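Listed below, chain by chain, are the residues.
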Amino acid sequence: QYHLHNYLEFLQNRKQKIEHQKVVATRKVGSKSYKTSYTFSELGKVIKVEGKDYSRSFSYFNDSLISAIDFVSKKGTRRTEIKYVDNKKVLEETFEDGRLLSRIVIQYDDQDRVIFSSIDAKNTYSMAYTYGDKKLSWQRFMKNDKVLKEWDYSCKTEGSLVADKN
């Protein structure tokens, strides 16, 4: 673990481009040893992680933000795709064997504050945020578009629960 960390730091601090590099790390758990190989891009980004029964590949947006993660194992394949606007995550979708498992949507205001976020899986959970005087003033938690809880932060920084619909 220590040697891998030093190597990762070395790659990230190196200014010149390198060829694809592969590093194998061994982790001991009790009497068993597990080998994991890490493949790095010319820029020192992890592009593939491989273990005995799995493989995980990474794609990048603008050479810095992860845009896709592909996970392959005996159980099947899973792909997570991430979209950005102005380097802020706005959409993340996860598919298993081509079927949509979950979707995360995030919206921002003109000051880069989150004003809405939702997670869709079997149910849709979402949070809506309102800001005033440069700080959070209202928050709403919903399940399947039904308001479950609301908080008013206009007087207290810790917020006051003003509605509990459970």
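Above this text sits the structure in question.
Summary of the structure given here.

Rules used in this analysis
- Residues numbered from 1 in each chain as written.
- Predicted model: local features only at pLDDT ≥ 70, side-chain atom pairs only at ≥ 80, totals over all residues.
- Heavy atoms only, no water.
- Phe/Tyr/Trp six-rings, centres within 6.5 Å; stacked < 30°, edge-to-face > 60°.
- Helix = DSSP H or I, 4+ residues; strand = E, 2+ residues; numbered from the N terminus.
- Buried < 20%, exposed > 50% of the residue type's maximum accessible area, 1.4 Å probe, protein only.
- Pairing = 2+ DSSP bridges.

**What to know about the packing of aromatic side chains**
- Taken as a whole and judged by the stated rule, the model has three aromatic pairs.
- Judged by centre distance (5.8 Å) and plane angle (10°), the rings of F61 and Y84 are stacked. In this pair, F61 is assigned in strand β4 (residues 54-61) and Y84 in strand β6 (residues 76-85), connecting sequence segments 23 residues apart.
- The exposure class assigned to F61 is partly exposed, which follows from its relative accessible area of 33%.
- Assessed through its relative accessible area of 19%, Y84 is described here as buried.
- A ring pair is formed by Y125 and F141, whose centres lie 6.3 Å apart and whose planes are at 15°; its orientation type is stacked.

**Some points on the pairing of strand β8 (residues 99-108)**
- Where strand β7 (residues 88-96) lies against β8, six bridges are found, and the strand directions are antiparallel. Bridging from a neighbouring strand, T94 pairs with S102 of β8.
- From the end of β7 to the start of β8, which pair antiparallel, there are two residues, and D97 there has a positive phi angle of about 50°.
- Judged from the six bridges that link them, β8 and strand β9 (residues 114-120) form a sheet pairing that is antiparallel. Its bridge partner lying in β9, Q107 is registered against F116.
- If you look at the hairpin formed by β8 and β9, you'll find five residues sitting between the two strands, and D112 has a positive phi there, around 65°.

**With respect to unusual backbone geometry**
- One non-glycine residue, N87, lies in the positive phi region at around 65°.
- If you trace the backbone, N87 turns up in the loop between β6 and β7.
- Its identity is not glycine, yet D112 carries a phi of approximately 65°, on the positive side.
- Of note, D112 is situated in the loop between β8 and β9.
- Under the relative-accessibility criterion, D112 is labelled partly exposed at 48%.

**Focus on the pairing of β9**
- Strand direction decides the pairing type here: β9 and strand β10 (residues 124-132), joined by five bridges, are antiparallel. Directly across from F116, in β10, lies its bridge partner A128.
- Remark: three residues form the turn of the hairpin made by β9 and β10, two consecutive strands paired antiparallel.

These values are about where atoms sit, not about what they do.
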